[in-house]
There are 2 protein chains.
Amino acid sequence: MNFYDKLRVKPGRKVDVREISTSETFGWNDREKLEARLAENAKRMLELQYRIYAENRQSLLIVLQAMDAGGKDGTINHVLYAMNPQGCRSHSFKVPTPQEASHDFLWRIHAAAPGNGEIVIFNRSHYESVLVEKVHGFVSGKQLEKRYGFINDFEEILHSNRTTIVKFFLHISKDEQLRRFGERLDDKEKHWKISENDYTERDFWDDYMDAFNLALNRCSTKHAPWFVIPSDHKSFRNLAVSEILVETMERMAPKLPDAAIDVAHIRKLYYQNAGDKKSGKKKK
Amino acid sequence: MNFYDKLRVKPGRKVDVREISTSETFGWNDREKLEARLAENAKRMLELQYRIYAENRQSLLIVLQAMDAGGKDGTINHVLYAMNPQGCRSHSFKVPTPQEASHDFLWRIHAAAPGNGEIVIFNRSHYESVLVEKVHGFVSGKQLEKRYGFINDFEEILHSNRTTIVKFFLHISKDEQLRRFGERLDDKEKHWKISENDYTERDFWDDYMDAFNLALNRCSTKHAPWFVIPSDHKSFRNLAVSEILVETMERMAPKLPDAAIDVAHIRKLYYQNAGDKKSGKKKK
């Protein structure tokens, strides 16, 4: 199953997230098979990450967006967890600080973008500026229109510096969200995650779906595609994200760099050092 | 075996790294037992990290220093790899950029320090300024003297903001280093890691040991201890580091925060939402 093509929002084609199933699993219901595949993907991702890191020439930006309880943290915990923290960082964007708010909306985003060899995860992102800010009217129609263009320009700038961008919308149903809120209430260890805001935002569910539609349709480009991941089933969500990431990293085709050295010359140095040792110099 | 006490450089007691074995394993030679323990520790670290992240009140700074090929990357790959990238970042300090060099030596270090809830790994650190810079005479005696004090002051500043600091010197022998250089020559995939500099630095081995002695003796404090890890055996090195990290994180005693909410009130909201659903409102 090629999830990359299956779940990608093709540039130029309009999608409506309301028509996309949140509970689809494409037949991946066998827990054991699924876990085995996830483990395989984790291993492959780690290998590819090592090459990206060593190559030190290109980078990967992973954007996660979802409704509350949609699984952003879960995806990091269960899929992106496989990455080596050396060369991979996760960045959560919260309500802008006064200093951040005194700049354009892409300022703090740009500062967190990956450099050569890096993989960066955005837990929420610049898209908040066309999602929550749109829904609550913090941004007017004309400004909003401009923002889609700015976002595409910005992502093209990153792309021009060899950053591969993939953007995941973790798509859950309104019922599934409520079920997960209920789970949080039942588990004392999860109470710290609960806020009253979760419930007030539910009233804006339809507005959010409209905002996601616009973001997906305006900003799924060839070099920065959006993927809509059916996410009611957590293990399928994890599988789909990991499949798409492996595919993406394979396409990046990272290569271990050639030795920047004259190997024969270094071998001579090695034998010199080894000889010194054998010829009786005491080791420390 | 309490490696925390065993391998710590006690404040006020002088150590000479030349007298500390690089190949000690304290009887941990059974590969299987060792791997099992490592896996256990990895699990425990992840649990504790989750609590540190959720608590969002204190932080952990892990400093790795070693001679070339001493195992800094390996320790990150095999021990710290267990951490969730959400809440954990690794920071490599390379030769200072011109902008970095135009500031005091702690400027770039401070900028990378962990915030509340974070775990940060320093792959090399501010100690380079009293190691490589001392060995090659980039810093004069009087300045150098001051630096130890500045480092202690700086670490106390971090500590005062609830940052726990642990510093690992991964201690290998000069022979083991050469053996590892040889391995790199034999493995084409590792050629990109080789530099001629590796061999020229070997000539300064003794000076480095002197510099490490000073750094360890001057800067192993109660709130920012140094640990000397016998590192000729990679799996023992990994075990020792993971044991000390678990112990350190246990001592931090991170607690999940209390719910910032009135749970009964939220439960009412939950039932309201669930009721709306049952009473016939169509789900989207």
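Residues numbered from 1 in each chain as written. Chains lettered and ligands numbered in written order. Predicted model: local features only at pLDDT ≥ 70, side-chain atom pairs only at ≥ 80, totals over all residues. Heavy atoms only, no water.

## A look at the overall build of chain A
Of regular secondary structure, chain A possesses 12 helices and 5 strands. With the principal axes as the frame, chain A shows a C-alpha extent of 80 × 45 × 40 Å. Every one of the 284 residues in chain A was classed for burial, and the buried ones make up 51%. Counting only contacts in chain A whose residues sit at least 6 apart along the sequence, the fraction spanning at least 24 positions is 82%. (Helix = DSSP H or I, 4+ residues; strand = E, 2+ residues; numbered from the N terminus. Buried < 20%, exposed > 50% of the residue type's maximum accessible area, 1.4 Å probe, protein only. Contact = heavy atoms within 4.5 Å.)

## What about the relation of the copies chain A and chain B?
One copy of the chain maps onto the second through a rotation around an axis plus a translation along that axis. Each copy of the sequence occupies a distinct position, and chain A is placed on chain B by a rotation of 180 degrees and an axial shift of 0.0 Å, giving an RMSD of 0.0 Å. Taken together, the rotation angle and the small translation identify this as a two-fold axis. In this assembly, 98% of the residues forming the interface of chain A have copies in chain B that are likewise at the interface, indicating an isologous arrangement. (Least-squares fit on C-alpha atoms with pLDDT ≥ 70 in both.)

## What to know about the sheet that holds strand β3 (residues 119-123) of chain A
Residue and element names in this part refer to chain A. Across the sheet, which stays open at both edges, the 5 strands sit in the order β2-β3-β1-β4-β5 with parallel pairing between neighbours. Edge positions in the sheet fall to β2 (88-92) and β5 (226-230), since each has one partner strand and no second. Averaged over all adjacent pairs, the angle separating strand axes in this sheet is 20 degrees, with direction ignored. With 5 bridges joining them, β2 and β3 adopt parallel strand pairing. Within the sheet, the bridge partner assigned to Ser 90 lies in β3 and is Ile 121. (Pairing = 2+ DSSP bridges. Axes fitted to C-alpha atoms, helices over the stretch in contact; angles between N-to-C directions.)

## Side note on the side chain of Thr163(B)
Residues and elements named next belong to chain B. Here Thr 163 shows up in strand β4 (residues 163-171). Given a relative accessible area of 3%, Thr 163 falls into the buried group. Of note is the side chain of Thr 163, whose polar atom sits 2.8 Å from the side chain of Ser 59. Dropping the residues within four chain positions of it, Thr 163 is found in contact with Ser 59, Leu 61, Pro 114 and Leu 158. (Polar contact = N/O pair within 3.5 Å; in protein donor to acceptor, adjacent residues only side chain to side chain.)

## Description of the interface of chain A and chain B
Tallying the contact residues gives 53 residues for chain A and 52 residues for chain B. Summed over both sides, the interface between chain A and chain B buries roughly 4,900 Å², with carbon and sulfur atoms accounting for 60% of that surface. For chain A, the biggest contributors to the area lost against chain B are Pro85(A), Gln86(A) and Trp192(A); these three give 14% of the whole. Counting the contacts that link chain A with chain B gives 4 salt bridges. At the boundary of chain A and chain B, one finds 16 residue pairs in polar contact (both at pLDDT 80 or more). Contributing elements (two or more residues each) for the side of chain A that touches chain B: α2 (31-55), α3 (72-78), β2, β3, α8 (174-186), α9 (196-202), α10 (205-219) and α12 (263-278) of chain A. For the side of chain A that touches chain B, a count of residues per class yields 27 nonpolar, 11 polar and 15 charged. (Buried area = accessible area lost by both parts, 1.4 Å probe. Salt bridge = Lys/Arg side-chain N within 4 Å of Asp/Glu carboxyl O. Nonpolar A, V, L, I, M, F, W, Y, C, P; charged D, E, K, R; others polar.)

## Regarding the environment of His78(A)
All names here are of chain A. For His 78, the location among the structural elements is in helix α3. Residue class for His 78 comes out exposed when judged on its relative accessible area of 52%. Along the backbone, His 78 and Ile 119 are 41 residues apart, and their C-alpha atoms lie at a distance of 16 Å.

## A short note on the packing of aromatic side chains
Here the structure, examined in full by the defined rule, presents 22 aromatic pairs over all chains. A centroid spacing of 6.1 Å and a plane angle of 70 degrees characterise the contact between Tyr50(A) and Trp192(B), whose relative ring orientation is edge-to-face. Within this pair, whereas Tyr50(A) is found in helix α2, its partner Trp192(B) is found in the loop between α8 (174-186) and α9 (197-202), the two belonging to separate chains. With relative accessibility at 32%, the residue Tyr50(A) sits in the partly exposed group. Residue classification places Trp192(B) among the partly exposed residues on the basis of a relative accessible area of 22%. Cluster of aromatic residues (ring-pair linked, three or more members): Phe3(A), Phe26(A) and Phe236(A). Its guanidinium or amino end placed over the ring of Phe105(A), Arg147(A) lies 4.7 Å from that ring's centre, counting from NZ or CZ. (Phe/Tyr/Trp six-rings, centres within 6.5 Å; stacked < 30°, edge-to-face > 60°. Lys NZ or Arg CZ within 6 Å of the ring centre and 35° of its normal.)

## Some thoughts on unusual backbone geometry
Phi is positive for Ala253(A), close to 45 degrees, though the residue is something other than glycine. Residue Ala253(A) is classed as partly exposed on the basis of its relative accessible area, which comes to 37%. For Asn56(B), which is not a glycine, the phi torsion comes out positive at approximately 60 degrees. Tracing the backbone through its elements, the reader meets Asn56(B) in the loop between α2 (31-55) and β1 (59-66).

## Comments concerning the packing of α2(A) against helix α11 (residues 234-252) of chain A
Residue and element names in this part refer to chain A. Viewed as axis vectors pointing N to C, α2 and α11 meet at an angle of 30 degrees, and their least axial separation amounts to 9 Å. When the interaxial angle is binned, α2 and α11 end up roughly parallel. Where α2 crosses over α11, the handedness of that crossing is left-handed. Contact residues: Arg 31, Leu 34, Arg 37, Leu 38, Asn 41, Arg 44, Met 45, Leu 48, Gln 49 and Ile 52 in α2; Ser 235, Phe 236, Asn 238, Leu 239, Ser 242, Glu 243, Leu 245, Val 246, Met 249, Glu 250 and Met 252 in α11. For the contact of α2 with α11, the per-class residue count stands at 11 nonpolar, 5 polar and 5 charged. (Parallel < 35°, antiparallel > 145°, perpendicular 65-115°, else oblique. Left-handed = near helix turned anticlockwise from the far one by under 90°.)

## Description of the sheet that holds strand β2 (residues 88-92) of chain B
All names here are of chain B. Strand order in this open sheet of 5 strands is β2-β3-β1-β4-β5, and the pairing throughout is parallel. The sheet is open, and its two borders are formed by β2 and β5 (226-230), each paired with just one other strand. Taken over all neighbouring pairs, the strand axes of this sheet differ in orientation by 20 degrees on average, direction set aside. Here β4 pairs with β5 via 5 bridges, running parallel. Paired with Phe 169 across the strands is Val 228, a residue of β5. Most of the contacts of helix α11 (residues 234-252) go to β4, to which it runs at about 170 degrees, and overall it touches β1, β3 (119-123), β4 and β5.

## So, the confidence of the model for chain A
Confidence in the prediction for chain A averages 93 pLDDT; 97% of positions are at 70 or higher. The ipTM assigned to the predicted complex is 0.74, against a pTM of 0.84. (pLDDT = per-residue confidence, 0-100.)

## As for the pattern of salt bridges
Applying the stated criterion to the full structure yields 46 salt bridges over all chains. For the salt bridge of Arg89(B) with Glu118(B), the shortest nitrogen-to-oxygen distance reads 2.9 Å. In this pair, Arg89(B) sits in strand β2 while Glu118(B) sits in the loop between α5 (107-111) and β3, placing the two residues 29 residues apart along the sequence. Exposure remark for Glu118(B): the relative accessible area of 21% places this residue in the partly exposed category. Salt bridges sharing partners connect three or more residues here, namely Asp16(A), Arg18(A), Asp206(A) and Asp210(A).

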